Amino acid sequence: MTSAASSLLIQCVFYLVALLALAKPLGEFFARVLLGEQTFLNPVLGWMERFAYRASGVDEKREMRWTEYAIVTLVFNLAGLFAVYALQRVQHLLPLNPAGLAAVSADSSWNTAVSFATNTNWQGYGGESTMSYLTQMLALAVQNFVSAATGIAVLAALARAFSRRQVNTIGNFWSDLTRSTLYILLPLSLVLALALVSQGVVQNFKPYVKAQTVEKIAYEEDKARKSTQEQILPMGPAASQIAIKQLGTNGGGFFNVNSAHPYENPTPVANFLEMLSILMISGALCITFGRMVGDPRQGWAVLAAMTILLVGLLAVAVAAEQSGNPILERAGASADGNMEGKEVRFGIANSAIWAVATTAASNGSVNAMHDSFTPLGGLVPMWLMQLGEVVFGGVGSGLYGMVMMVLVAVFVAGLMIGRTPEYLGKKVEAFEMKMASVAILLPPLVALVGTAIAVLVDPGKAGVANPGAHGFSEILYAFSSAGNNNGSAFGGLSANTPFYNVALGFAMLISRYWLIIPVLAIAGSFAAKKTVPVGPGTLPTHTPLFIALIIGTVILVGALTFVPALALGPIIEHLQMIAAK
């Protein structure tokens with residue numbers, strides 16, 4: 001094994017070991033929070049929780065039926081959407097706007113409001129040239145917290161339903177939301193933000209700074225070149241937003257080039273902490289799920305399935321990028337693998353790990369340009385999104401999406417042995433399978449129909465800068481990202497246009513909330529059912545065999561749904577690259 005290959009392997013293994021080592025302690029703590037048990041943070045933050053309930057007039061002990069839980073969830077998130085939209089439209093009239101930025105256009109404001117309310121954080125704009133400090137904090141950062149907390153709340157309601165017998169309630173949304181924000185997201189974000197500041201991530205309210213470049217100093221007498229020899233350095237409260245954008249699997253970027261920007265991601269330590277935080281909570285919630293349903297083995301089984309899928313696709317991405325682009329190599333423009341579009345200070349391994357982690361989660365932040373990956377290297381993050389973002393996935397949303405896959409796996413296994421399928425002591429019947437089917441099939445429908453429309457209409461084709469297969473990949477990636485609430489992009493697509501702002505906005509809206517409704521419906525159905533005793537015919541759902549069945553279900557659904565579309569994009573592009581050797 002070469003030294004380069006050894007270095008790649010060490011970096012990948014170190015990341016995975018750190019990720020899995022944090023799963024159990026964090027997962028146990030999250031379970032205590034969501035079960036309403038006492039934690040070490042209660043004496044410190046308990047007064048804030050109680051104050052929040054009193055100030056809002058909420059009775060946190062009153063349980064809700066699934067229909068009420070769903071309505072409250074939708075209304076709360078809709079209110080947040082309108083607030084973000086309004087703040088963008090009037091930001092030029094408000095304080096904390098040191099760069100004097102104008103109001104954001106209506107279509108872009110709509111897209112961004114939907115994006116941050118749905119935990120997608122797709123951005124068709126450059127942060128430092130579009131959003132004021134106040135908008136970044138009061139609109140975007142707040143939604144980073146509450147959209148992530150919404151995902152955790154829905155997961156908690158689903159997990160709670162498995163442990164209940166013949167009841168009509170699944171918990172209280174306001175309590176789940178408040179506790180998730182106050183005891184999970186806020187403390188972790190504070191710790192990470194302080195760590196990032198220690199590494200040089202900016203956190204201030206200073207006005208933008210004009211800096212003289214080396215070229216300006218060398219050619220000071222040449223007044224005609226002055227404009228090209230000054231650089232505007234954006235400032236702002238970046239570290240606080242970056243912390244929650246990673247931990248809450250929100251993504252997005254305070255600055256236009258996201259986590260490739262030295263003010264967002266200045267050192268290898270900052271890079272590692274940000275990468276780790278992308279999947280940290282989602283992985284730990286698997287352990288939380290096992291604890292909440294009363295069988296920790298179930299959480300470990302789901303985590304094992306997610307990890308195996310992640311490792312396999314990470315290996316493909318790293319290998320594809322390390323093998324390089326033969327066309328560039330022939331032109332003498334590639335030295336050691338495909339470094340196009342990557343930060344030299346991070347290299348191939350950290351760029352590939354980030355790309356896989358950010359699309360395994362519904363995060364979407366980037367430290368390299370996915371559009372510049374090799375065809376197969378770019379296919380991996382695209383397909384991870386298309387799998388439904390169930391490989392770790394978004395905070396809460398990834399796990400309840402994986403549970404939908406588990407229900408399908410259980411149903412298929414039940415058909416094979418001629419027995420009514422069961423999961424965690426609950427019979428999986430026609431209603432649950434209908435709801436699970438809606439949750440699984442809706443994101444692919446949104447992604448594929450949106451792509452088809454975009455390649456047929458002139459406004460859709462106008463945004464494509466690259467002809468042929470790669471241009472199709474850019475459109476497919478955009479709708480796969482929006483349709484699975486990811487937020488990353490193949491940057492070659494000019495998406496900040498009325499067509500894409502509106503179309504992708506509806507894709508994000510549908511994919512987030514039309515999934516939450518069937519998940520909560522399943523929770524309500526399971527909570528009302530009796531618990532079926534384990535018998536000789538019960539399928540164990542924590543064994544290696546069942547883990548393999550989960551993996552097979554995820555891959556089969558993804559392959560059958562998206563391989564034809566992928567064949568028109570990255571696969572044919574890969575064949576063209578090979579033919580051009």
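Presented here is a report on the structure given in the accompanying data block.

Reading the values: rules and limits
Residues numbered from 1 in each chain as written. Predicted model: local features only at pLDDT ≥ 70, side-chain atom pairs only at ≥ 80, totals over all residues. Heavy atoms only, no water. Core = buried A, V, L, I, M, F, W, Y, C linked by side-chain atoms within 4.5 Å. Buried < 20%, exposed > 50% of the residue type's maximum accessible area, 1.4 Å probe, protein only. Helix = DSSP H or I, 4+ residues; strand = E, 2+ residues; numbered from the N terminus. Contact = heavy atoms within 4.5 Å. Polar contact = N/O pair within 3.5 Å; in protein donor to acceptor, adjacent residues only side chain to side chain. Patch = residues over 30% accessible without salt bridge, like charges linked within 9 Å, V, L, I, M, F, W, Y side chains within 5 Å. Areas by Shrake-Rupley, 256 points an atom, 1.4 Å probe, with all protein chains shown as cover. Salt bridge = Lys/Arg side-chain N within 4 Å of Asp/Glu carboxyl O. Phe/Tyr/Trp six-rings, centres within 6.5 Å; stacked < 30°, edge-to-face > 60°. Axes fitted to C-alpha atoms, helices over the stretch in contact; angles between N-to-C directions. Parallel < 35°, antiparallel > 145°, perpendicular 65-115°, else oblique. Left-handed = near helix turned anticlockwise from the far one by under 90°. Nonpolar A, V, L, I, M, F, W, Y, C, P; charged D, E, K, R; others polar.

### Describing the nonpolar core
One finds Tyr 15, Leu 279, Phe 289, Met 404 and Tyr 423 to be the most contacted residues of the largest nonpolar core, which totals 163 residues. Among the elements that take part in this core, helix H6 (residues 133-162) stands out by supplying 15 residues, more than any other. Contacts of Leu 279, omitting those with residues within four sequence positions, involve Tyr 15, Leu 19, Leu 310, Ala 357, Ala 360, Ala 361 and Phe 392.

### Notes on the environment of Thr 307
On the secondary structure map, Thr 307 appears in helix H11 (residues 296-323). For the pair Thr 307 and Gly 483, spaced 176 residues apart in the sequence, the C-alpha separation amounts to 23 Å. For Thr 307, the contacting residues outside a window of four places in its chain are Leu 20 and Phe 392. Of the polar contacts made by the side chain of Thr 307, one reaches the backbone oxygen of Leu 303; its length is 2.8 Å.

### A few points about a nonpolar patch on the surface
Nonpolar side chains collect at one region of the surface, where Leu 9, Val 13 and Val 17 lie side by side and expose about 250 Å² of accessible area between them. Structurally, the position occupied by Leu 9 is in helix H1 (residues 3-34).

### A few points about the packing of aromatic side chains
Taken as a whole, this structure holds 19 aromatic pairs when the rule is applied. Measuring from centroid to centroid gives 6.4 Å for Tyr 15 and Phe 272, while their planes differ by 90°, and the two rings are edge-to-face. One end of the pair, Tyr 15, is in helix H1; the other, Phe 272, is in helix H10 (residues 268-292), with 257 residues separating them in the sequence. With respect to burial, Tyr 15 and Phe 272 carry one shared label: buried. Summarising the aromatic geometry, the rings of Tyr 69 and Phe 173 are spaced 5.7 Å apart at their centres and angled 85° between planes, so their arrangement reads as edge-to-face. Placement of Tyr 69 in helix H3 (residues 66-90) and of Phe 173 in helix H7 (residues 173-198) is noted, with a sequence separation of 104 residues between them. One exposure class covers both Tyr 69 and Phe 173, and it is buried. Through a chain of ring-to-ring contacts, the aromatic side chains of Tyr 69, Phe 76, Phe 173 and Trp 174 assemble into a single cluster.

### Comments concerning the packing of H3 against helix H19 (residues 498-527)
Contact geometry of H3 with H19 gives a least axis separation of 9 Å together with a crossing angle of 160°. It follows that H3 is roughly antiparallel to H19 by the angle criterion. In the packing of H3 onto H19, the handedness of the crossing is right-handed. Touching Trp 66, Tyr 69, Ala 70, Thr 73, Leu 74, Asn 77 and Leu 81 of H3 are Leu 509, Tyr 513, Ile 516, Ile 517, Leu 520, Ala 521 and Gly 524, all from H19. Its residues placed into classes, the contact of H3 with H19 shows eleven nonpolar, three polar and no charged.

### Focus on unusual backbone geometry
Positive phi values are uncommon outside glycine, yet Asn 119 reaches one of about 70°. Within the secondary structure, Asn 119 is located in the loop between helix H4 (106-117) and helix H5 (127-130). The residue Thr 249 is not glycine, and still its phi comes out positive at about 45°. With respect to the helices and strands, the residue Thr 249 is situated in the loop between helix H9 (238-247) and H10. Exposure remark for Thr 249: the relative accessible area of 0% places this residue in the buried category.

### Digging into the pattern of salt bridges
A complete count under the given rule lists 15 salt bridges for this structure. Its salt-bridge partner being Lys 24, residue Glu 28 comes within 3.3 Å of it at the nearest N-O pair. On the criterion of helical spacing, the pair formed by Glu 28 and Lys 24 is a turn pair, its members being four residues apart in helix H1. Accessibility expressed as a relative area gives 41% for Lys 24, which makes it partly exposed. Residues participating in the shared-partner salt-bridge network are Lys 24, Glu 28, Arg 32, Glu 37 and Arg 291.

### Side note on the side chain of Glu 321
Locating Glu 321 in the fold gives a position in helix H11. For Glu 321, the side chain forms a polar contact with the side chain of Thr 374, separated by 2.8 Å. The contacts of Glu 321, once residues within four sequence positions are left out, are Gly 337, Asn 338, Lys 342, Ile 348, Phe 373, Thr 374 and Gly 377.

### Digging into the environment of Ile 517
Take Ile 517: it is sitting in helix H19. Separated by 213 residues in sequence, Ile 517 and Ala 304 have C-alpha atoms that sit 27 Å apart.

### Side note on H9
Burial analysis of H9 places nine of its ten residues in the buried class, the great majority of the element. Buried residues of H9: Ala 238, Ala 239, Gln 241, Ile 242, Ala 243, Ile 244, Lys 245, Gln 246 and Leu 247, and no others. Against the buried residues of H9 lie H6, H7, H10 and helix H13 (347-360). Thr 249 sits one or two residues past H9 and shows a positive phi near 45°.

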